[in-house]
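Architecture and fold: a report
What follows is the residue order along each chain.
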Amino acid sequence: MKQVPLIKLMTILALWWLTCGFTVIGHRGDPINEPEETLASFNHAFSEGADYVELDLHVSQDNVLVVSHDRNLERITGHNAIVSQTPWATLKTFKQANGEPMHSLADIFAYYQDKPQTKFLIETKKTKKGNPKNMEPLVAALIKQYHMTNRVMFHSFSLSSLQTLKTLLPTVPRIFIAGSLKRINFETFTTSTGVNISSELVNAQIIKQLHAAKQKVYVWDHMNESASRWNWLVNLPIDGVVTNYPATGKQYQDAKTKATSKRISRDVTLLSNYQVKSYENPYNLTLQKNTVQPLTTYHVDHLVWSQGHAYYQIGTNRFIEATGVNPTNEVVKVSPYLNQHLQLKADLLHVPFYDQPYAPTALKHELLPKQHYTIKAVQIINGQLWLQTKQGWLKGHDVLIDFDHNSANWRAYQQLKPAQKLAFTTIPQPKIGQIPVKKQNKWQMLAYFHYNQVIMKSIL
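Residues numbered from 1 in each chain as written. Predicted model: local features only at pLDDT ≥ 70, side-chain atom pairs only at ≥ 80, totals over all residues. Heavy atoms only, no water.

Moving on: the packing of aromatic side chains. A complete count under the given rule lists 16 aromatic pairs for this structure. Consider the rings of Tyr111 and Tyr112, whose centres lie 4.7 Å apart with planes at 80°: the pair is edge-to-face. Its relative accessible area of 35% is what places Tyr111 among the partly exposed residues. Among the aromatic residues, those joined into a ring-pair cluster are Phe46, Phe109, Tyr111, Tyr112, Phe120 and Tyr146. (Phe/Tyr/Trp six-rings, centres within 6.5 Å; stacked < 30°, edge-to-face > 60°. Buried < 20%, exposed > 50% of the residue type's maximum accessible area, 1.4 Å probe, protein only.)

It is worth spelling out the sheet that holds strand β18 (residues 341-344) at this point. Neighbouring strands of a sheet are bound in pairs by backbone hydrogen bonds; such pairs are parallel or else antiparallel. Taken in spatial order, the four strands make up an open sheet running β21-β18-β25-β26, and their pairing is mixed. With one partner strand each, in any of the chains shown, β21 (373-374) and β26 (424-425) form the two edges of the open sheet. The pairing of strand β25 (residues 399-402) with β26 spans two bridges and is classified as parallel. Its bridge partner being in β26, Ile401 is matched across the sheet by Thr425. (Pairing = 2+ DSSP bridges. Helix = DSSP H or I, 4+ residues; strand = E, 2+ residues; numbered from the N terminus.)

Secondary-structure assignment places Thr188 in helix α8 (residues 186-189). Overall, the relative accessible area of 1% leaves Thr188 in the buried class. There is a polar contact of 3.2 Å between the side chain of Thr188 and the backbone oxygen of Arg183. Beyond its immediate chain neighbours, meaning those up to four positions away, Thr188 contacts Leu159, Phe176 and Arg183. (Polar contact = N/O pair within 3.5 Å; in protein donor to acceptor, adjacent residues only side chain to side chain. Contact = heavy atoms within 4.5 Å.)

Now for the pairing of strand β23 (residues 384-389). Taking burial as the measure, the six residues of β23 include five buried ones, the bulk of the element. When strand β22 (residues 377-381) meets β23, the two strands line up antiparallel, connected through five bridges. Its bridge partner lying in β23, Ile381 is registered against Gln384. Here β22 folds back onto β23, and the loop between the two strands holds two residues, one of which, Asn382, carries a positive phi near 55°. In sequence, β23 turns back onto strand β24 (residues 392-395) through a hairpin of two residues.

This part covers the nonpolar core. Among the nonpolar cores identified, the biggest contains 58 residues, and Leu55, Leu57, Phe109, Phe120, Ile122, Ile143 and Phe154 are the most heavily contacted of them. Per-element tally for this core: the top contributor is helix α6 (residues 135-145), with five residues. Apart from residues no more than four positions distant in its own chain, Phe154 is found in contact with Leu121, Ile122, Val139, Ile143, Leu162, Leu165, Leu169, Val172, Pro173, Arg174 and Ile175. (Core = buried A, V, L, I, M, F, W, Y, C linked by side-chain atoms within 4.5 Å.)

So, about unusual backbone geometry. Residue Pro132 follows Asn131 across a cis peptide bond; omega there is -5°. Turning to its location among the elements, Pro132 is positioned in the loop between β5 (120-124) and α6. Positive phi, normally seen in glycine, also occurs at Asn63, with a value near 70°. With respect to the helices, strands and loops of the structure, Asn63 is situated in the loop between β3 (52-59) and β4 (65-67). Residue class for Asn63 comes out partly exposed when judged on its relative accessible area of 44%. With a phi angle near 55°, Gln307 is a residue other than glycine that sits in the positive phi range.

Turning our attention to the confidence of the model for the protein chain. Put simply, the protein chain has an average pLDDT of 88, and 87% of its residues get 70 or more. Note that pLDDT drops below 50 for residues 1-17; the model gives that stretch 29 contacts with residues more than four away or on any other chain. Here residues 430-460 is modelled with pLDDT under 50, and outside its nearest four sequence neighbours on either side it reaches 29 contacts, counting other chains as well. (pLDDT = per-residue confidence, 0-100.)

Glancing now at the side chain of Ser407. Residue placement: Ser407 occurs in the loop between β25 and α13 (408-414). By relative accessible area, Ser407 is classed as buried at 10%. A distance of 2.5 Å separates the side chain of Ser407 from the backbone oxygen of Asp404, its partner in a polar contact.

Relative to the elements of secondary structure, Gln85 occurs in the loop between α3 (74-77) and α4 (88-91). Measuring from C-alpha to C-alpha, the distance between Gln85 and Val59 comes to 9.1 Å, with 26 residues separating the pair along the chain.

Bringing the pattern of salt bridges into the picture now. Going through the model one piece at a time under the given rule, you end up with seven salt bridges. Between Arg28 and Glu36 there is a salt bridge; the shortest N-O distance is 3.1 Å. A relative accessible area of 14% places Glu36 in the buried class. Residue Arg75 pairs with Asp70 through a salt bridge whose shortest N-O separation is 2.6 Å. Taking relative accessible area as the criterion, Asp70 reaches 14% and is therefore assigned buried. (Salt bridge = Lys/Arg side-chain N within 4 Å of Asp/Glu carboxyl O.)

Here is the structure:
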């Protein structure tokens with residue numbers, strides 16, 4: 001049996017899923033492996049999968065846009081020269097650590113003009129007084145000259161700079177860099193299309209509020225960003241990351257882009273006779289957290305489909321695979337089957353075992369007549385019952401349940417209304433008042449009597 005396509009699964013579950021991807025932006029290119037804001041740094045970032053590279057701009061003494069984070073070039077070239085006080089003819093002779101000269105924005109655009117997949121996040125570096133005043137017109141003119149309108153975004157600590165760029169190039173996204181949450185307000189939103197926030201300040205609630213204000217959320221981190229920080233960050237509904245490690249960003253982007261997510265709000269209960277693993281996120285399953293015990297109930301707010309499996313988010317940075325996890329309000333219908341035995345229905349010769357209830361794939365082995373297995377976990381999906389044994393998962397309508405008639409499970413099953421009984425038992429259920437034809441043992445007779453009492457009470 002072929003695997004059910006994901007789109008069909010989504011239809012079956014009647015869920016509206018959202019893709020989980022985010023944009024990877026190489027901060028100054030790939031500054032860990034190459035000198036920052038050089039062609040080598042940008043090329044390395046793009047080769048590692050960055051969607052954009054970030055670059056900074058200053059204006060030279062003779063009005064050339066210079067690509068540099070620092071206004072004084074001593075750190076990156078060894079020359080104690082301030083960009084705004086030095087002509088371009090001098091600046092372009094300065095060599096960077098890898099031997100490349102300083103670059104103008106025109107140099108960068110000319111180099112990448114015929115490489116349409118390369119895109120740029122441009123930061124306008126401004127003084128507190130808003131200088132240089134001519135930066136935005138110079139930027140806009142070059143973008144138009146090289147036809148880069150659809151390949152750039154702006155970000156800046158200067159809201160006035162973004163306001164000017166909104167007038168000059170209204171279709172280009174404008175991201176406000178918020179060094180403090182106090183700088184984010186509704187006045188900001190009249191200019192910006194997004195906000196760039198430190199990972200130390202961001203959380204799910206802030207992202208929700210910014211999305212409600214029609215703002216995209218980009219996050220930046222420090223030079224020492226770690227795997228643990230990434231594993232936390234990837235769980236948030238961010239729109240992009242400005243990172244010094246674009247290769248790492250790409251790895252998580254790929255995992256998250258292939259995933260889909262549905263925001264939900266429900267209580268769920270694990271119906272199994274074994275504990276299950278929980279994970280920090282569903283994109284890297286090596287990151288395990290505390291196990292979840294059988295019959296434990298959690299409130300969940302997301303269902304994520306990742307790497308061919310469904311996961312519930314049961315807490316901050318904590319996920320469990322959704323198999324065996326049922327809506328708590330459905331537990332009364334499905335819990336009686338747990339730890340009971342099953343066998344093949346008499347009218348069937350064989351049925352396949354499956355790997356999982358979600359997008360199931362049939363396994364090579366099958367359930368055959370006279371085979372009996374203990375039910376280890378139970379799952380209900382869209383009204384269909386699934387039962388797990390040591391051999392795999394089975395569809396509830398293919399089997400008969402061998403109840404222990406001395407158990408609370410049998411009594412709980414008998415108390416269900418007929419429409420709630422999702423599986424057949426090895427004992428046929430008589431109609432009200434019907435006397436069993438063949439001889440029954442004491443426990444079967446008591447079960448029939450109890451069943452009729454329950455049905456009569458439900459009618460009355």
